[in-house]
Each structure stands twice: as structure tokens, then as C-alpha cells.
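# Results of the structural survey
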Amino acid sequence: TSRVYPKLAIGEAAKLFAFNNGKKGPLYYKGFYHLFYQHNPLNPFFGDIMVWGHSVSQDLVNWIKLEPALSPSVPSDINSCWSGSTTILPEGKPVILYTGSDTNKHQVTVLAEPKDPSDPLLREWVKPKGNPVMVPPSNVPVDCFRDPTTAWQGHDGKWRALVGAKEKDSNKGMAILYHSDDFVQWTKFLVPLLESQVTGMWECVDFFPVAVTGKEGLDTSVNNSSVRHVLKASYGGNDCYVIGTYSSETDVFSADSEFTNTAEDLRYDYGNLFASKAFFDSAKNRRISWGWIMERDSNEDDIVKGWAGIMAIPREIWLEKSGKKLMQWPVEEINNLRAKNVSLDSKQLEGGSILEISGITASQADIEVAFDLPDLENDTEALDSEEVDQATIIDGYSASVKGFYGPFGLLALASNDLSEHTAIFFRVIRRGNGYAVLMCSDESKSSLRDNIEKATLGTSLDIDPRHEKISLRCLIDHSVIESYGGGGRSVITSRVYPKMAIGEEARLYVFNHGTKAVTMSSLEAWSMRKAQINSNET
Ligand code: FRU
């Protein structure tokens, strides 16, 4: 074929993940980060026999591919090894709880242990006697019981773990709670730790503590008065979360809000990210969450590429000062790929202006830019409704809709004639006595190809533009644009497939399509080096 595909380079991980569905049990062990992922050895689609692919890294950026860690081999997992999580036991030994599709294609929880815990690469895993360790309860369909979490120890020393599920004949999603003394015998608790009537099946549930103050991450069993808990569930194509208080004495998790299955849910990402898993990195005392980015092109395209699905750049996560949401930021190691740098001084961007950022590789770049609206005037647009939800943003405010303050931001992966570009931008709107800052990633012009899903993605960014600059960091990697607004308050990931804006042909611009001037107070951009991905062992 003569078709040119935008390839990944920072995270060319894609190539090693022939089919990579979600992050399964990331782990830091004896100096290595381990990535386990859903892999179909036969073709680039979800298949009848899924295995746990396995790659290792010392810096979360450069990866070496190993042989699969788990493949179907016992009655409990003979039809597939699906998602699960890793837990490091107090004596330092890692174990895996994962979903087996058993002889009857029922979803069950299977325990695996490293054959040789002294091997830092944890190449071989064994499935001890006693499996499966959990089976679907009677109120749960046999195909709606999966993705056990990392386990944690309560005040009584007992282990706890959650399994994502759906209730029979209802739309109720739940996190079923299990208890164990020995990690082998698991007993279902009376009630789920959390449930929602409106979400349907919960996949890849995560449950972990976050510190009330500071960025430091916590190991999964930590619980005290300066800790809150996050429960993340994947449904409806999004990773949604709630924050709450958890007591292991009562095993009650009181969440501050409910899952609503609407755009009001708190999301890790307002774009393309699903089935993430978080882990505690004991090397740097941080919590890292890692999500999966799906393809938005066709199955035929996947066949040509030979793979489908990639991992996002791992993100450090912590609780925002207000305690109301999580902050996210690319792990610092990604900065090691920064090469040639361009920086611009403060500059007024008149309404309707566009400015090319040249001198870096626009197809593979890291950009940090900040905008200032010192004279924000009262005559800016007002929002009709109090609600600034995703639907409002998408319906009324795509990049082509001119406003007063905004749209302003970046045009990434733009072709020479601008017929292709992805606009990542802000718009400031008066709401009540204050202002709303909308953040969008508009994919509608991202490619001249037409067999591709192109969305206009957006969210409102929790910033008061009268007192704070509006900052944006974009990691551009050929077919992925990961955009962090407000220092990590909101993230939007876009998967795009330009036809012309490829490699050297791609351009990067700062723009202001609004009628009012805004100040670009700083801009720094770097060409990014290529990571070492899918390299065979040396
Ligand atoms: C998430 C998921 C999990 C399941 C796995 C199968 O996308 O559907 O629920 O275990 O992928 O690959």
C-alpha cells in the first residue's frame, strides 16, 4: 500500500501492542516498571484468545518487549486472560489477580504468582492450585464480572479487592467488594463498595488513596485522616471517578458525588482515554495513572498497520487543593525526550491573528503556552444557561465559531494550507458574576481523510481568568495530541490521522480567532526525540 500513516514516536508503544486494550496491572518492581496489556497474538483486533502482553522499562519512556506474562493454560482462563491488577504483598512479592474466561466462557478471577520472585523482569508466572478465586455472584451475569483491582489491607490486616460488575436485568454498575486473609480464599462482602443505577457495567475499576495536601502518592493500603479515596470506573467510553472517604472498619465508602453517566461526571480525560489503571511508584513516591487510547480509523486501517491501540503518556495524579478533583501531569521522565527548543516572549495576539511556531519538529513536540487576559471586559459573551457541560461546548463553540475572547490556542498538526489542523483552544465566557473558561480539542478538520471519527471535544476549565493565566501543555506525537489545561486541571486526548500534515510537512501555530486581543505571556516548545520502543531484549 502507498498509504502513509502517521506513526507514533514518543509513545510508539503502539507497535508493540498488536492489540492493546487497557492497562492491566502496572507495577514497579526491583528497578523496573512493568506494563501488562491486553494482546491478541494473531491479529490487531480483540480476539477469541487474549493474553497478557508484557513490556518493561527503567524510565517509563523506553520499553523492551518480553514474552507474554499470562496466556490461557488452565480451565479458569482457557478462553482468555483479560484485565486485572497487580498487588505487592508486604514481604515484597508481587501477585496478579486477573479475569479468566473459563471453559464455559464465564468470567472468573484468577490468581497468578511469579515463578521466580528474584527475577526483576518477572518473566514467568504460575497459576497456583485453588483457582479460580472468585466467581460471579448469582445477581450478576456470568459475562459481567471482571477486572479485579489492586488489593489493599484494612485496619484488621485482611485483604480487600474489588471486581467490576453489572447487576442482572438492570443498568446497575457496581464494584463488588471481597475480603481475604490469605489472598486465596475470597469472601464477598454483603454489599458492593459502590454502585450506580445508571451506568451499566463497570470495567477496570480502580480504588486508591490520595493525600489531602501535596502531590505525594500513597501506597494502596494507606488510610488515615489526611487521606481521601478515589474510585474510578470505566463505562460509556470514559474513565469517570468520584472522590470520597473510606473506612476499612466499616468498609463504607462515602462518595462526595454520584456517577451520573452524563457529561457532568468527573473524567480523567475529556477525549479518547479508557480502561486506565493507576499504581503507586515506590521509587518516586508518586501515583501514576495510565490509560489506553483507542483507534479512530477503520478496521482495514488496523490490518494495514498491523496493530491497534496505544498507551497514553503516563500521568502523575494527585488531589487538587480544593479536594474536588484530581490533577494530572505527564510523568517528568517524558521531559528527557525534549530536544531542540524555541521560546517566545510575551506577545499580544490581536483578534484574528495567527503565528507560526517554527524551528521545531511540529509532528513530535512538547509545547507549554500561557495566555493572559488582563483587560477582560464586561462585554464578553454571556452564557445563556448556568450549565457549562460538554454538550453546550460542542454544540455552540467549535473552533470555527468566532467569539469575543476566543477561540485562542494552538493549531497542531496543521498542513501548509491549513486545510488540515487540530485546534486546541480556549474560550472565555461570562457566567453570572464570574467567567467560565472552556477548553476544547476540535478534531473536525484534523484530516482530509473521511473514514475517520472526528469529534469536537471539550470541557470547562476550573480557572478564574481574571486572576490566573490560562495555561496549556500539548504533547503532540504524530497521531496523538494530549492536551493539559490549567496545569493539569483538565486533560483532553485526541487521536487524529492527518493525510498531509505528516512528519516534516506538519506545522504548528498559535492563533486567536476571537475579536478581542489576548496576550500570549509565554511559549516554550521542544522537538521531541524518539523513544526506544518495542526494542528486543539486549
Ligand atoms: C476493558 C475490557 C475489560 C476486559 C478487557 C478485555 O476495555 O473490556 O473489561 O477485561 O477489556 O480485553
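Right, let's walk through the structure included here. (Residues numbered from 1 in each chain as written. Predicted model: local features only at pLDDT ≥ 70, side-chain atom pairs only at ≥ 80, totals over all residues. Heavy atoms only, no water.)

In the structure shown here, the tally under the stated rule is 21 aromatic pairs. Judged by centre distance (5.4 Å) and plane angle (45°), the rings of F36 and W52 are tilted. Here W52 lies in strand β3 (residues 51-57) and F36 lies in strand β2 (residues 32-39), a separation of 16 residues in the sequence. Side by side, F36 and W52 carry an identical accessibility label, which is buried. Centroid distance Y235 to F259: 5.6 Å. Interplanar angle 85°. Geometry classified as edge-to-face. Taken together, the positions of Y235 in strand β16 (residues 227-235) and F259 in the loop between β18 (252-255) and β19 (266-267) put the pair 24 residues apart, joining distant regions of the chain. Considered together, Y235 and F259 belong to a single accessibility category, that of buried residues. (Phe/Tyr/Trp six-rings, centres within 6.5 Å; stacked < 30°, edge-to-face > 60°. Helix = DSSP H or I, 4+ residues; strand = E, 2+ residues; numbered from the N terminus. Buried < 20%, exposed > 50% of the residue type's maximum accessible area, 1.4 Å probe, protein only.)

Counting across every chain of the model gives 30 salt bridges. Among the ionic pairs, E167 bridges to K172, the shortest N-O distance being 3.4 Å. Under the relative-accessibility criterion, K172 is labelled buried at 11%. Its salt-bridge partner being K232, residue D239 comes within 3.5 Å of it at the nearest N-O pair. Given a relative accessible area of 1%, D239 falls into the buried group. Taking the relative accessible area as the measure of exposure, K232 reaches 0% and is therefore buried. Among the ionic contacts, a cluster of salt bridges with common partners joins D281, K284, R286, E332 and E333. (Salt bridge = Lys/Arg side-chain N within 4 Å of Asp/Glu carboxyl O.)

Ranked by internal contacts, the top residues of the largest apolar core, which has 41 residues, are I367, F371, F426 and V428. Listed by contribution, the elements that provide at least two residues to this core are β28 (364-372), β29 (405-414), β30 (422-431), β31 (434-442), β32 (456-461), β33 (470-477), β36 (507-512) and β37 (518-528). For this core, the leading source of residues is β29, giving five residues. Excluding residues that lie within four positions of it along the chain, I367 makes contacts with L410, L472, R473, C474, I476, L508, L523, E524 and A525. With 21 residues, the next largest nonpolar core counts V61, F279, I313 and I334 among its residues. (Core = buried A, V, L, I, M, F, W, Y, C linked by side-chain atoms within 4.5 Å. Contact = heavy atoms within 4.5 Å.)

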